[in-house]
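Tertiary structure, described
Listed below are the residues making up each chain.
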Amino acid sequence: MGSTSRMTALQRREQLIAIGRSLFAAKGFEAVSVEEIAATAKVSKPIVYEHFGGKEGLYAVVVDREMQTLTESVMETLSRPAQGSRQIVENAAMAFLTYIEEHTDGFQVVVRDRPTTDPSGSFNSLLGDVSIRVEDLLVTAFKRHKIPAKGVPYYAQMLVGLMVFTGQYWATHRKLGKEQLASYIVNLAWNGLSRIEAKPKLRYVGDGGGQREQRGRRSGESSPAAKSTDDTSPQSDNVPTDGAPQTDTPPSDADTAR
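Residues numbered from 1 in each chain as written. Predicted model: local features only at pLDDT ≥ 70, side-chain atom pairs only at ≥ 80, totals over all residues. Heavy atoms only, no water.

The subject of this paragraph is the environment of Tyr99. With respect to the helices and strands, Tyr99 occurs in helix H5 (residues 85–102). Distance in space between the C-alpha atoms of Tyr99 and Thr69 is 8.2 Å, their sequence separation being 30 residues. For Tyr99, the residues in contact, after removing those within four places along its chain, are Glu66, Thr69, Leu70, Thr104, Gly106 and Phe107. (Helix = DSSP H or I, 4+ residues; strand = E, 2+ residues; numbered from the N terminus. Contact = heavy atoms within 4.5 Å.)

Shown next as structure tokens:
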């Protein structure tokens, strides 16, 4: 077994955790066996059982470590004082992508389907915690700009989902640097949030738009809804979350530094 036989108990444990993380990331929990873990570490199966009680125990340790690392990174970022809403979005995007960049195998493990017997905290639980923190930030911003807060939980889920699904894709399609990808995320999230409507309505779907437009056409008149919601017309109910006047260009960081 070479030099691996001279490892201390702590070194052996860390070796098995690293091997388990790599195998679980590549194949998923169900496809990995204790035999494969032991063979990769060049040890006997009883060694794996001695340290973790089986692959379930090893998996739980791997997930627990990754969840702790990711939680500390993201939650610390969301709690950090920022000059404005845009900086919060930028910081969160960079923190999440940095974690994926530095812990790619760990991220692949926590986002995979887990065994039903998984005793550790789930990734969904982490996302729930992050969403609640994002809700707190959005409620404060919405109240400051007199925007109804009943939709905040859904907006929070949208923002978190935007980062998570983009991060999952990027983890296996690393054609962009994290700074460039973060700028894409912020571009979409911020340019939407900076012009969020207090009372959003669909323009072309349902009774709020298309049906009224059809009725207007049948009566030989142009639809008031079509006029009021034309893509090129100004929208009176747009309320920029940075408090700045509505313009054709996104607000600068200086506009949000409040």
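Attention now goes to unusual backbone geometry. Even without being a glycine, Lys42 presents a positive backbone phi close to 60°. Along the chain, the position of Lys42 falls in the loop between helix H2 (34–41) and helix H3 (45–52). For Lys146, which is not glycine, the phi dihedral falls at a positive 60°. Within the secondary structure, Lys146 sits in the loop between helix H7 (123–144) and helix H8 (152–172).

Attention now goes to a nonpolar patch on the surface. Side chains of Leu202, Tyr204 and Val205 sit close together on the surface and give an oily, nonpolar patch of about 350 Å² of accessible area. In this fold, Tyr204 is placed in the loop between helix H9 (178–193) and helix H10 (210–218). Given a relative accessible area of 51%, Tyr204 falls into the exposed group. (Patch = residues over 30% accessible without salt bridge, like charges linked within 9 Å, V, L, I, M, F, W, Y side chains within 5 Å. Areas by Shrake-Rupley, 256 points an atom, 1.4 Å probe, with all protein chains shown as cover. Salt bridge = Lys/Arg side-chain N within 4 Å of Asp/Glu carboxyl O. Buried < 20%, exposed > 50% of the residue type's maximum accessible area, 1.4 Å probe, protein only.)

The subject of this paragraph is the nonpolar core. Formed by 58 residues in total, the largest nonpolar core has its most connected members in Phe24, Ile37, Phe96, Ile100, Phe107, Phe123 and Val134. It is helix H4 (residues 55–79) that contributes the most residues to this core, 9 residues altogether. (Core = buried A, V, L, I, M, F, W, Y, C linked by side-chain atoms within 4.5 Å.)

As a further point, take the pattern of salt bridges. Side chains that differ in charge, positive against negative, can pair when their charged atoms come close. Counted under the stated rule, the structure contains 7 salt bridges. Residues Lys45 and Glu35 are paired through a salt bridge, measuring 2.9 Å at the closest nitrogen-oxygen approach. On the criterion of sequence distance, the pair formed by Lys45 in helix H3 and Glu35 in helix H2 is long-range, its members being 10 residues apart. Of the charged contacts in the structure, one is a salt bridge between Lys178 and Glu101, with a shortest N-O distance of 3.0 Å.

Now for H9. The first and last C-alpha atoms of H9 sit 22 Å apart over 16 residues, in line with the 22 Å expected at 1.5 Å per residue. When we look at burial in H9, the residues that qualify are Lys178, Leu181, Ala182, Ile185, Val186, Ala189, Trp190 and Leu193. (Expected span 1.5 Å × (residues − 1).)

The next point concerns H2. Three or more residues of H2 are buried, namely Val34, Glu36, Ile37, Ala38 and Ala41. Check the buried side of H2 and you find it contacts helix H1 (9–27), H3 and H4. Of the residues one or two after H2, Lys42 is the one with positive phi, at around 60°.

We now examine the packing of H4 against H5. Axis separation between H4 and H5 bottoms out at 8 Å; the angle between their running directions is 165°. Comparing their axes, H5 and H4 come out roughly antiparallel. The hand of the H4/H5 crossing is right-handed. Residues Glu66, Thr69, Leu70, Ser73, Val74, Thr77 and Leu78 of H4 touch H5, and the partners they reach there are Ile88, Asn91, Ala92, Ala95, Phe96 and Tyr99. Grouping the amino acids of the contact of H4 with H5 by side-chain chemistry returns 8 nonpolar, 4 polar and 1 charged. (Axes fitted to C-alpha atoms, helices over the stretch in contact; angles between N-to-C directions. Parallel < 35°, antiparallel > 145°, perpendicular 65-115°, else oblique. Left-handed = near helix turned anticlockwise from the far one by under 90°. Nonpolar A, V, L, I, M, F, W, Y, C, P; charged D, E, K, R; others polar.)

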